[in-house]
Amino acid sequence: MSLQTPLGRVLGLGAAKEGVQHWWVQRLTSVALVPLSIWFVVSLLALPSLDHATVAAWLRQSWSALLLILLVLTASWHSQLGVRVVVEDYVHDTGLRTVLLALLTFAHVLLAAAAVLAVLRVALGGALL
Amino acid sequence: MPTRPLSPHLSVYRMSRYTLATSILNRFTGVALSVGLLLLTYWLMALAAGAASYARALALLSGGAAKLVYAALIVSFCYHLAAGIRHLVWDTGRGLERAQARRSTWLLVVATVAMTLAIGYFAWLAGGRTP
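Residues numbered from 1 in each chain as written. Chains lettered and ligands numbered in written order. Predicted model: local features only at pLDDT ≥ 70, side-chain atom pairs only at ≥ 80, totals over all residues. Heavy atoms only, no water.

## Observations regarding the pattern of salt bridges
Step number 1: Enumeration over the complete set of coordinates arrives at three salt bridges over all chains.
Step number 2: One salt bridge connects Arg-84 of chain A with Glu-88 of chain A, and the closest N-O pair in it is separated by 2.9 Å. Taken together, the positions of Arg-84 of chain A and Glu-88 of chain A, both in helix 4 (residues 62-90) and four residues apart, correspond to about one turn of that helix.
Step number 3: Put simply, Asp-89 of chain A and Arg-27 of chain B hold a salt bridge, and the shortest N to O gap is 2.8 Å. Here Arg-27 of chain B lies in helix 1 (residues 18-48) and Asp-89 of chain A lies in helix 4, a pairing that spans two chains.
Step number 4: We classify Arg-27 of chain B as partly exposed; its relative accessible area is 25%. (Salt bridge = Lys/Arg side-chain N within 4 Å of Asp/Glu carboxyl O. Helix = DSSP H or I, 4+ residues; strand = E, 2+ residues; numbered from the N terminus. Buried < 20%, exposed > 50% of the residue type's maximum accessible area, 1.4 Å probe, protein only.)

Okay, here's the thing in structure tokens:
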């Protein structure tokens, strides 16, 4: 008896070789998030105040905007992968699960894009946007 | 749901075991940090919209209830960071023996408490500037 699924037999392709993709990207993003998140927390704590002028001036420094954009993108990706597993584990209704997963993916992309746009607007100071 | 017996058979596990507690806490703090990401984005958008809207957002983001949220987020960050590094070590095949895992659980608790206290000290006690 073949262990291939009927679809796999028909297509004759076997496994898609993407079984560890989710696991691997979750690890890659977590490795990147260790220095990025520590940098962010330390930078926030090092700011003399959290008023508009101080935070905006910090974001206009050469490395802040770049690292913050990387942090937001990586954290959104990591969060999307994590929340996806939570929904897959606890939401058993197929229809509801599919809709929820789609909505959560959209929400994460929206969040990442909005945060990157905000950082760019501050960092470039209205010069380009 | 099919009627045949399905894994995981949750009732056969002792729910008080540290392995289960540390695992579910990592998931729980991860979801909390996803909510934190939402707050971070809102804060950045307010910052980009100008000083007036930033002041309005900061008024919304400060106060007693907000402090509780920040405290929860700080604990979640510290725990998820330490537990995540522990997971990365496990992924290399190290530290999986029962005695080692029990030791690293204590290390996880100590690291979380120490980092939380350090961040809390600098955020609220040293300068007292955080909302």
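Next comes the rest of the account.
## Examining the packing of aromatic side chains
Residue and element names in this part refer to chain A.
Step number 1: For the coordinates displayed, the defined rule picks out five aromatic pairs over all chains.
Step number 2: Where Trp-23 meets Trp-24, the ring centres are 6.5 Å apart and the plane angle is 25 degrees; that geometry is what we call stacked.
Step number 3: What makes Trp-23 partly exposed here is its relative accessible area of 38%.
Step number 4: Here Trp-24 falls in the partly exposed class, since its relative accessible area comes to 47%.
Step number 5: Between Trp-39 and Phe-40 the ring centres are 6.4 Å apart and the planes differ by 50 degrees, which places this aromatic pair in the tilted class.
Step number 6: Three or more aromatic residues joined by ring pairs form one cluster here, namely Trp-39, Phe-40 and Trp-58. (Phe/Tyr/Trp six-rings, centres within 6.5 Å; stacked < 30°, edge-to-face > 60°.)

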